[in-house]
Amino acid sequence: MRIRLFDGLHSTADGGPSGSEQLGADVVDMAVIETDGRYEQADSIKIAYDGAPATGLSVLTHSVDDLSRLAPIAARLAGVEALSAVCRSCPVVDQCRGGLYAHRFRTTGTGSGFDNPSVYCADLRVLVEQSNEESKMHFADTEPDALGSIVAEIGSGFGAESTIGWLADQQPAITRALLFAVIDQHGSNAAWDALAAVESVDAGAVQRVLAHPYARAWAVDQLRPGAVGGGLSYLGGLAAAAAVHAGVAVEVDVEIDRGVVALPTAGTVYWPSPVTGPARLKVEQDQLWIIGPDRTLSVNLARPEATAWWQPARWVDLGGWGIRLEDGDPARDCHRWTPAGRLDAGAERAWRDALTEAWRVIVTDLPAYAPGLRAGLRAVVPLERDPAGAQRASTARDAFGSVAAALTDPGDLAVLLVHEFQHGKLGALLDLCDLFDGDSDARIMVGWKPEPRPVEAALQGVYAHAAVADAWRLRADQDPRGPELYAKYLGWTTGAIAALRGTEALTPLGVDFVDRLAATVEGWGS
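Before going into details, it helps to say that this report is about the structure given with it. This structure is a prediction, so every number in the text was calculated from the model and none was measured.

Taking 1.5 Å as the rise per residue, helix H16 (residues 455-474) with 20 residues should run 28 Å; its terminal C-alpha atoms sit 29 Å apart, in good agreement. For H16, the tally of buried residues reaches 16 of 20 residues, placing the bulk of the element in the interior.

Below, the structure written as structure tokens:
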């Protein structure tokens, strides 16, 4: 079935016509002639207010040329130049064109009449951007069934760098949609306006911030039942971080949270005392000011070194790519265990050494997993160590691109990174397609848990445990625990694959996903 709106979105993405007046560059050169001869504008404008379509002209007294010179008619013939300033600065204006004219009407606020963005501006932007991303996949020339090919590739347990990079590229659009939902639920604020202002100057800077794994986690938390929107000051940190990347001036209100103000992807402010209260961030010309309840702190952004109150984002260079050690953003506290606090110099050095060596182990011993990690892993969150010395690692469903772990030896850390990133890959795939029936109440017995698991939990578990089994298979001659651990994880994996195949909860794509994983496991031999 063809849907005119989606056909229009696909057409305008290539510079073509939209085929309707609700979006696109089509010239709206129509009018209505009523039965008494009166000229009126399009019927859709009737929703704005009583009498909105009236022109005051008639076929009995005026020509069509007279009608075309009427201000509201002429505005709809003039294209982008006649749109509001907000619309003209928007990166998707050539597709949206302000949306349906009737939806731009306001009686109050900064604009009046029709010189405004659509009341559905936020939704239209998400729709246009997400449609464009989907079009890149579904209308690619290289594969007749792109989604099926992606499912098959990831289902094998691996994924090329380009494929995982494509999955990662979808995340900012999802985060953006969630942020719009937060604003819709809790109301806009000045920080949201500041973020939009930065984007009008440098869209890439905002895209960089939206790719931060914990921006999505924060948004999801704000949408949970009972959330009151008190945490919306986090948007101020996002706006300030985007301004730092863009090199533009911005001033926003934030909340000091137990002595911490995060500028995700840029750095973290540490107040001299663990206070909680309002503050104001000001970014201007390589300088950051934090005006708080009892003092003002300043940071020279041109000098990227840490001070007592400022910690720039910590990047670990892994040779051609890097990951961020995330020890400041309060939104990272969404894992099973408590995140470690600000790392001191010794702890930072230990993490850098461990990650560098773990990456060497992955490239040397587990090379099939390296491309996916290089394309998708953006941040590692240090966790507090277990008092008994047990390993700790976690992936948050709504924080693709991040892994949380307690520091351990590089060999084990390599396996943990591979294991946890498998969860992230599958979660990102599930954002885009259904591998199982979400309404299914099926429960599956698995070897790693004593109680039956829902289908998604079993699917996540078997996908990650297959990678762990593979890791210990490949490293069996380098660690005395290898053969035993391989046998354990292999048994868990094969048992869960059989159990998943025994349910009727998998979609056709889900069946193919599990079959691809099974083929990989069977290829290992006995």
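Let's pick the thread back up.
Quick look at the sheet that holds strand S7 (residues 277-284) now. Pairing within the open sheet is antiparallel, and its four strands lie in the order S4-S7-S8-S9. One side of each edge strand has no neighbouring strand; the edge strands of this open sheet are strand S4 (250-256) and strand S9 (296-300). The mean inter-strand angle of the sheet, taken between neighbouring strand axes irrespective of direction, is 20 degrees. Each of S4 and S7 is contacted by helix H12 (residues 234-246), which is oriented at about 140 degrees to S4, the strand it contacts most.

Okay, the pairing of strand S8 (residues 287-291) next. As defined by bridge partners, S7 adjoins S8 across five bridges and the pair is classed as antiparallel. Directly across from Leu281, in S8, lies its bridge partner Ile290. The hairpin formed by S7 and S8 contains two residues between the paired strands, and Gln285 there has a positive phi angle of roughly 50 degrees. The pairing of S8 with S9 spans five bridges and is classified as antiparallel. Note on S9: the bridge partner recorded for Gln287 is Asn300. The hairpin formed by S8 and S9 contains four residues between the paired strands.

Along the chain, the position of Trp359 falls in helix H13 (residues 345-365). By relative accessible area, which is 10% here, Trp359 ends up buried. Sequence separation between Trp359 and Ala414 is 55 residues; the distance between their C-alpha atoms is 6.6 Å. Excluding residues within four positions of it along the chain, Trp359 makes contact with Leu318, Trp321, Ala370, Leu373 and Arg374. Among the polar contacts listed, one links the side chain of Trp359 to the backbone oxygen of Leu318, at a separation of 3.4 Å.

Before going further, it helps to spend a moment on the pattern of salt bridges. All told, the structure shown has 30 salt bridges when counted by the stated rule. With its nearest N and O atoms 2.7 Å apart, the salt bridge here joins Arg38 to Asp36. A salt bridge links Asp431 to Arg216; its shortest N-O distance comes to 2.8 Å. In this pair, Asp431 is assigned in the loop between helix H15 (410-430) and strand S16 (443-444) and Arg216 in helix H11 (residues 213-222), connecting sequence segments 215 residues apart. Arg216 sits in the buried class, given a relative accessible area of 6%. One continuous salt-bridge network, built from bridges that share partners, spans Arg216, Arg397, Asp398, Asp431 and Glu456.

The alternating pattern of strand S6 (residues 267-270) places Gly267 and Val269 and Thr268 and Tyr270 on opposite faces, both of which are buried. Bridge count for strand S5 (residues 260-263) against S6 is four bridges, and the pairing is antiparallel. Bridge assignment links Leu263 to a residue of S6, and that residue is Gly267. Taking the residues that link successive antiparallel strands as the turn, the S5-S6 hairpin has three residues, and the phi of Thr265 there is positive, at about 80 degrees. With three bridges joining them, S6 and strand S10 (residues 310-312) adopt antiparallel strand pairing. Note that in S10 the partner of Gly267 across the bridge is Pro312.

Procedures and definitions
All residue numbers refer to position in the chain's written sequence, counted from 1. Restriction of local features to residues with pLDDT of at least 70 applies here, the model being predicted, together with a cutoff of 80 or more for giving and counting side-chain atom pairs; totals for whole chains, interfaces and linings are based on all residues. Side-chain measures were taken over the full set of non-hydrogen atoms in the model, leaving aside hydrogen atoms and water. Helix and strand labels come from DSSP, where a helix needs a run of H or I of at least four residues and a strand needs a run of E of at least two; each type is numbered from the N terminus. By this rule the span expected of a helix is its residue count minus one, scaled by 1.5 Å. Buried, partly exposed and exposed residues are distinguished by accessible area as a fraction of the type maximum, computed with a 1.4 Å probe on protein chains only: under 20%, between the cut-offs, and over 50%, respectively. The pairing criterion is simple: DSSP has to find at least two bridges between the two strands. Under this scheme, a helix contributes an axis fitted over its contacting stretch, all axes are lines through C-alpha atoms, and angles between N-to-C directions fall in the 0 to 180 degree range. Any two residues whose heavy atoms approach within 4.5 Å at even a single point are treated as in contact. Two N or O atoms form a polar contact when they lie within 3.5 Å of each other; inside protein one atom must be a possible hydrogen donor and the other a possible acceptor, and for residues adjacent in sequence the pair counts only when both atoms belong to side chains. In the sections that follow, a salt bridge refers to a side-chain nitrogen of Lys or Arg positioned within 4 Å of a carboxyl oxygen of Asp or Glu.

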